[in-house]
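# Observations on the model geometry
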Amino acid sequence: MKVVIAGGTGFVGKALVHDLLKKQHEVYVLTRNANKPSHNPNLHYVEWLKENAKPEDVIQRADAFINLAGVSLNSGRWTEERKQAIVQSRVSSTREIIRIMDSLERKPSAYINASAVGYYGTSEHDTFTETSPSVGDDFLAETVKMWEKEASKAKDLGIRTVFTRFGVILGKEGGALSMIALPYRFFAGGTVGSGNQWLSWVHIKDVVGIIQFAIENQDVQGPVNVTAPTPIQMKEFGQTVGAVLHRPHWLPAPSFGLKLMLGEMSMIILEGQRVIPEKMMQHNYHFTYTKLENALQDLL
């Protein structure tokens, strides 16, 4: 299989590229720096988003496109400038991928576009599946809506389109886990905020697995929640981190302190949503990690 990935050098991208290469697929990573050395004959770096760059000349006859590109939500305090960069990076990269796919003589059979469970908005009481409407009007929800609207143009090209709505991804090489676990390592861990907010978590191995499952299964399309089927409230999440690390769970992190330190970005930690991956469960996807304790034991 020939797979094109934008954002292939990020947290999720690196894990996905590694797994695809291990399975002998041919991978083309769209990047602004195509001079990176490749130590695998099946891995190719292709220049894009630069003047005179024409990636479409190199990636003809691709089977699937995956878009993971965009400024990280965790890359710093959400100033107006950074919020604009977060939105613009997602919209512009998606727009360019649509242009590239449109220019190809043979269109890919699948387009997988990263998204986020932030689409649904936040709630301590509601449960969200792929059929749930958005109840959010916050920055993250509005960003996801704009992103998916741009990505949905792939459907007009006759390409099967999937919006992988990521939950909180747990991994060793990035994501939120190291930040959450750090206070526990110094014996200073405790409940974050009220502790009642839901955390819809997912192990990085299942993120990679679900993306590949979506590529390979022709009847998977539209929104797909990329979360474990067992969301958990933040207090219990923290207690589990403490238990796995053999550290106490005792020193609370109050909401006002996090808001003071992180500003609007604190909503990622202080607010949440209970999201169920109903579509993957209906398609009998086999989750590697359904229990948080097992996932944390693997990662911590």
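Criteria and cut-off values
- Within each chain, residue numbers correspond to sequence positions counted from 1 in written order.
- Totals for whole chains, interfaces and linings use all residues, but because this is a predicted model, local features are given only for residues with pLDDT of at least 70 and pairs of side-chain atoms are given and counted only at 80 or more.
- To get the side-chain values, all heavy atoms of the structure are used, and hydrogens and water are removed first.
- UniProt positions are given in the numbering used here, feature names are shortened, and annotations may be inferred rather than shown by experiment.
- Helix and strand assignments come from DSSP, with helices taken as H or I runs of at least 4 residues and strands as E runs of at least 2, each series counted from the N terminus.
- For a helix, the expected span equals 1.5 Å multiplied by the residue count minus one.
- To sort residues, take the accessible area from a 1.4 Å probe on protein chains only and compare it with the maximum for the residue type: under 20% means buried, over 50% means exposed, and anything in between is partly exposed.
- Classification of ring pairs rests on two measures: the distance between centres of Phe, Tyr or Trp rings, Trp counted by its six-membered ring, which must be within 6.5 Å, and the angle between planes, read as stacked under 30 degrees, edge-to-face over 60 and tilted in between.
- Geometrically, a lysine NZ or arginine CZ counts as sitting over a ring once it is within 6 Å of the ring centre and also within 35 degrees of the ring normal.

- Named according to an unreviewed UniProt entry, the protein is TIGR01777 family oxidoreductase originating from Priestia flexa.
- According to its UniProt record, the protein has this under Sequence similarities (unreviewed entry): "Belongs to the NAD(P)-dependent epimerase/dehydratase family. SDR39U1 subfamily."

## Details of helix α5 (residues 204-216)
- Counted at 1.5 Å a residue, the expected span for α5 with its 13 residues is 18 Å, and the 19 Å between its end C-alpha atoms agrees.
- With ten of its 13 residues buried, α5 lies for the most part within the structure.
- Buried within α5 are the following residues: Ile204, Asp206, Val207, Val208, Ile210, Ile211, Gln212, Phe213, Ala214 and Ile215.

## Some thoughts on the UniProt feature "domain: DUF1731" (unreviewed entry) in the protein
- Here, UniProt's "domain: DUF1731" (unreviewed entry) annotation points to residues 253-299.
- Here residues 253-299 runs as 53% helix and 4% strand, with 23 Å between its end C-alpha atoms.

## Quick word on the packing of aromatic side chains
- Counted according to the given criterion, the structure contains five aromatic pairs.
- Their ring planes at 85° and their centres at 4.9 Å tell us that Tyr285 and Phe287 sit as a pair that is edge-to-face. An identical accessibility class is assigned to Tyr285 and Phe287; each is buried.
- Following the ring pairs from residue to residue traces out a cluster consisting of Tyr119, Tyr120 and Phe128.
- Here the guanidinium or amino end of Lys83 rests over the ring plane of Phe139, the centre of that ring lying 5.3 Å away.
- Its end group placed over the ring of Trp147, Arg90 keeps NZ or CZ at 4.9 Å from the ring centre.

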